[in-house]
Amino acid sequence: MAVETSTFEKTALAGLYGPEDFGGLAHKNANAAVRGRITAEDRARALPMPSLEWTPEVERATAHLYERVKAVIPPVEWPFMAPYVKAINELKRERNAVILAHNYQTPEIFNCVSDIVGDSLKLAIEATKVKADVIVQCGVHFMAETSKILNPSKTVLIPDSRAGCSLASSITGEDVRLLRERFPGVPVVAYVNTSADVKAEVDICCTSSNAVQVVESLGSDTVIMVPDQYLAKYVASKTKVKIIAWKGACEVHERFTGDELRSYREADPSVQIIAHPECPPDVIAEADFTGSTAHMIDWVRKNHPQRVVMVTECSMADNVQAELPQIEFVKPCNLCPHMKRITLPKILDSLIYMREEVTVDPMIAEKARRSVERMINLKN
Ligand code: 13P
Ligand code: SF4
């Protein structure tokens, strides 16, 4: 039932490092805020606050959008969301803005106000094609930074700049420089779940969709992969390349356990279990399929299981259920507190006041862009 358990369990990393191995100094200056700048909020005129009443007109204007989410949003909740949905869609036109949303966004954001949805790889690729003046990133900060790196002349907004990521905050650019000193000549791959500073220091980026391909593209027998130790371990199980990893972990995926998954299987031996590669090895060993958020969604679309456990952030199961209501989703509900900072009222605020603007030092952005573009330009 579980795939490639033995190969995966036997896989060892060639090394595992963390901030403590370098004295932890690099983290002291990590999150210095940029102050004294003229922001998009200063430049733009704030728009008037639209009416947020539930009226027959709002009901009519949003009826087609409610159709998309009615399997997961009860009718009693829609009157609170619909006025925001209508106002956001109108303000997007007024601001010439597009909304890019990650698969972990809640159903009303994912289905009712977003223009482009997807996993980290798709969002990065789509960000290179955006024609609008303004990008509102509904996801976490590193995703908004990636959009800014790829679109230096556009205004990139994030509805709550505190939407961080435990992986991105586990490593700094200086940590990467210290790793390079320890392993001279070994190429470094950064998961996109990293800050621009880190992306600027590495040879290439990867996402969970293409990590094995990226590692093998470097033609080296050893590669350093930062910052997710579990993604690194998963990649090590799929390639002959030796992997040196960083000790970071996703605070959402590291909470799942193999025991938990075995209990789902004992309760229903026919249940299908699919997991994200940020999960620990004992979880992946129990899964029938492992892949990025987009690959997990494609797997469900293609295989149409009767009952499925999606071992990842739980809003994603809601989004797939909205599309495929006949499938039963068993939901071990681990929410990403950072993704959940993004809400309809904050998106509306973003568009009214043009905040919070995401900026990246142009010198860092230029170096980081090379790492992201090198990944995007890899041929399949
Ligand atoms: P994906 O690239 O699979 O969308 O993953 C991003 C992420 O943050 C998962 O926790
Ligand atoms: Fe980061 Fe994990 Fe949240 Fe993804 S789910 S954004 S990896 S903390």
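As a starting point, this report considers the structure included with it.

Rules of the game
Residues numbered from 1 in each chain as written. Chains lettered and ligands numbered in written order. Predicted model: local features only at pLDDT ≥ 70, side-chain atom pairs only at ≥ 80, totals over all residues. Near = placed C-beta within 6 Å. Nonpolar A, V, L, I, M, F, W, Y, C, P; charged D, E, K, R; others polar. Helix = DSSP H or I, 4+ residues; strand = E, 2+ residues; numbered from the N terminus. Buried ≥ 20, exposed ≤ 12 C-beta atoms within 10 Å, placed from the backbone. Contact = placed C-beta atoms within 7 Å.

### Here we look at the site of ligand 1
So, step 1. The environment of ligand 1 is made up of Asn103, Asp119, Ser120, Asn193, Thr207, Ser208, Cys250, Glu278, Ser292 and Thr293.
So, step 2. In terms of residue class, the shell around ligand 1 is built from one nonpolar, seven polar and two charged.

### Considering the site of ligand 2
So, step 1. Around ligand 2, the surrounding shell holds 13 residues, and the nearest of these are Val140, Cys165, Cys250, Val252 and Cys336.
So, step 2. Split into classes, the residues belonging to the shell around ligand 2 amount to seven nonpolar, three polar and three charged.

### Examining unusual backbone geometry
So, step 1. Here the amide bond leading from valine 226 into proline 227 is cis, since omega sits at -5°, within 30 degrees of zero.
So, step 2. Looking at where proline 227 falls in the secondary structure, it is placed in the loop between strand E8 (222-226) and helix H11 (229-236).
So, step 3. Following arginine 355, the chain continues to glutamate 356 via a peptide bond in cis, the omega torsion being 0°.
So, step 4. Assignment of secondary structure puts glutamate 356 in the loop between helix H16 (344-353) and helix H17 (362-376).
So, step 5. A positive phi angle, near 50°, is found at asparagine 96, a position not held by glycine.

### Digging into the environment of valine 311
So, step 1. If you trace the backbone, valine 311 turns up in strand E12 (residues 307-311).
So, step 2. Residue class for valine 311 comes out buried when judged on the 27 C-beta atoms lying within 10 Å of it.
So, step 3. In this structure, valine 311 is in contact with Phe256, Leu261, Ile273, Ile274, Ala275, His276, Cys279, Val283, Ala287 and Pro332, ignoring residues within four places of it in sequence.

### Observations concerning H16
So, step 1. Residues Leu344, Ile347, Leu348, Ser350, Leu351 and Ile352 constitute the buried set of H16.
So, step 2. The secondary structure elements touched by the buried residues of H16 are helix H4 (78-95), strand E2 (97-102), helix H5 (107-112), strand E4 (134-138) and strand E5 (155-157).
So, step 3. Residue methionine 354 follows H16 closely and has a positive phi angle near 60°.

### Remarks on the environment of alanine 232
So, step 1. On the secondary structure map, alanine 232 appears in helix H11.
So, step 2. Between the C-alpha atoms of alanine 232 and histidine 338, which are 106 residues apart in sequence, the distance is 23 Å.
So, step 3. Alanine 232 has contacts with Leu13, Met225, Ile243 and Ala245, leaving out every residue within four places of it along the chain.

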